[in-house]
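Each chain, written out:
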Amino acid sequence: MKIKKILVAIGVLGLVSSLFASEAEKIFDAKCSMCHIKTFPKDSSKLVAPPIMGVMRHVKMTYPKKEYAVKFIVDYVQNPTKEKAICKPQKIARFGLMPSQKGNISEQELEEVAKWLFDNFPPANFRGFGMQNHRGMQK
Ligand code: HEC
């Protein structure tokens, strides 16, 4: 009996977390993906911002722990500055500093998106744009 209850609880938890995940992805699609594409760029000359797999690779290199990575993203998206940026300086030179998204996305939404990004990017098969794979530091 007990085991059954535990199994049900696990099932419910799994469902809730997958609902959250897709909710976060929807928010990302609506509020971030017009600038940050989710796929490997076919033609990088058309980009207006770094693809999210590259962004997250750099975020994780600087903040391997989820808690700190999420904090960083939540803060940066609302208050971007050159000093805080973890991407390479040539990205900012090319794309300009990211415009603050304050007002476009609530802090709560941003937190969900940041967690989802940490869990899903870069994808397991991503090896960097011509460099070694830095994934798998910590989850
Ligand atoms: C109008 C285009 C635009 C939108 C919308 C946008 N970004 Fe960005 N973002 C950029 C550009 C350009 C950069 C690269 C320059 C920089 O780092 O500031 C960037 C950089 C970043 C970085 C790396 C910051 C660093 O340290 O360099 C993160 C993380 C990020 N964006 C997350 C997000 C999230 C999450 C959203 C959606 C809520 C979002 N962005 C929406 C343009 C955008």
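Each remark here, short or long, concerns the structure printed above.
About the thresholds
Residues numbered from 1 in each chain as written. Predicted model: local features only at pLDDT ≥ 70, side-chain atom pairs only at ≥ 80, totals over all residues. Heavy atoms only, no water. Donors = N, O, S within 2.8 Å, 3.2 Å for Na, K, Ca; no water. Tetrahedral: all angles 85-135°; square planar, octahedral: opposite > 155°, others 65-115°. Helix = DSSP H or I, 4+ residues; strand = E, 2+ residues; numbered from the N terminus. Buried < 20%, exposed > 50% of the residue type's maximum accessible area, 1.4 Å probe, protein only. Near = heavy atom within 4 Å. Polar contact = N/O pair within 3.5 Å; in protein donor to acceptor, adjacent residues only side chain to side chain. 1 Å grid on protein atoms, 1.4 Å probe; cavity = no way out; pocket = protein on both sides within 12 Å on 5 of 7 lines; lining within 4 Å. Sits in = over half its atoms within 2 Å of the grid points. Nonpolar A, V, L, I, M, F, W, Y, C, P; charged D, E, K, R; others polar.

Within the protein, the iron atom of the ligand binds to His36 (NE2) and Met98 (SD); these donor distances fall in the range 2.0 to 2.1 Å. Metal-centred angles of 82 to 179° between the 6 donor atoms at the iron atom of the ligand mark the site as octahedral. With His36 in the loop between α1 (2-31) and α2 (52-62) and Met98 in the loop between α4 (89-95) and α5 (107-120), the pair connects residues that are 62 residues apart, well separated along the chain. Looking at His36, the relative accessible area reads 13%, which means it is buried.

Next up on the list: the site of the ligand. Among the 22 residues in the neighbourhood of the ligand, the closest are listed as Cys32, Cys35, His36, Tyr76 and Met98. Cys87 places a polar main-chain atom, nitrogen or oxygen, 3.3 Å from an oxygen atom of the ligand. Assessed atom by atom at 2 Å from the grid points, the ligand resides in the largest pocket. Secondary structure elements with two or more residues in the shell around the ligand: α3 (66-78) and α4. Here the element with the most residues in the shell around the ligand is α3; it accounts for 3 residues. Class assignment for the residues of the shell around the ligand results in 18 nonpolar, 3 polar and 1 charged.

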